[in-house]
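Spelled out, the chains give:
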Amino acid sequence: MKELKNLGKVTKYLFDYTPEVLETIPNQNSERNYFVKLISEEFTCVCPVTNQPDYATIIVRYIPNEFLVESKSFKLYLTSFRNTGIFHEEVANRIADDLIKLLNPRYLEVEGLFS
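Residues numbered from 1 in each chain as written. Predicted model: local features only at pLDDT ≥ 70, side-chain atom pairs only at ≥ 80, totals over all residues. Heavy atoms only, no water.

Caption draft 1: Spotlight on the packing of aromatic side chains. Enumeration according to the criterion identifies seven aromatic pairs in this entry. Both rings, one in Phe-35 and one in Tyr-107, keep their centres 5.8 Å apart while their planes meet at 80°; by these two values the pair is edge-to-face. Of this pair, Phe-35 sits in the loop between strand 3 (24-26) and strand 4 (36-46) while Tyr-107 sits in strand 7 (residues 107-114); the two residues are 72 residues apart in sequence, bridging distant segments of the chain. The exposure class assigned to Tyr-107 is partly exposed, which follows from its relative accessible area of 35%. When the ring of Tyr-77 is compared with that of Phe-81, the centres are 5.3 Å apart and the planes differ by 85°; the resulting orientation is edge-to-face. (Phe/Tyr/Trp six-rings, centres within 6.5 Å; stacked < 30°, edge-to-face > 60°. Helix = DSSP H or I, 4+ residues; strand = E, 2+ residues; numbered from the N terminus. Buried < 20%, exposed > 50% of the residue type's maximum accessible area, 1.4 Å probe, protein only.)

Caption draft 2: Structural view of the pattern of salt bridges. All chains considered together, the criterion is met by three salt bridges. Where Arg-61 meets Glu-111, a salt bridge forms, and the shortest distance between an N and an O atom there is 3.4 Å. With a gap of 50 residues between them, Arg-61 in strand 5 (residues 53-63) and Glu-111 in strand 7 connect regions that are remote in the sequence. By relative accessible area, which is 21% here, Arg-61 ends up partly exposed. Accessibility expressed as a relative area gives 29% for Glu-111, which makes it partly exposed. Note that Arg-94 and Glu-90 form a salt bridge whose closest N and O atoms lie 3.5 Å from each other. Here Arg-94 and its partner Glu-90 are both found in helix 2 (residues 88-103), four residues apart, which amounts to about one turn of the helix. What makes Glu-90 partly exposed here is its relative accessible area of 35%. The network of salt bridges with common partners includes Arg-61, Glu-109 and Glu-111. (Salt bridge = Lys/Arg side-chain N within 4 Å of Asp/Glu carboxyl O.)

What follows is the structure in structure tokens.
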């Protein structure tokens, strides 16, 4: 875990899978169907076979229900995969499962573009 001090606040960066860092905020337009798109171009995890790093762009699209994922917590969540041994397909499914559990969205898709 690495800490970064920012204006008197301490941000803890976790490098092992930690879904508990995900937070929600209320959806102020929950009566409307609209898409939220989150893109992270700096995702990393570890190949469970070779222990070599894997790099990806993660794209999440969802139609929220009552809650939205708080963006900083989502970035910290993705960072928590850094030392996790996990296959590409499992990454997308794990992120989808965690967001479905957290948000109960009307629609959700996760795309992993691994290099």
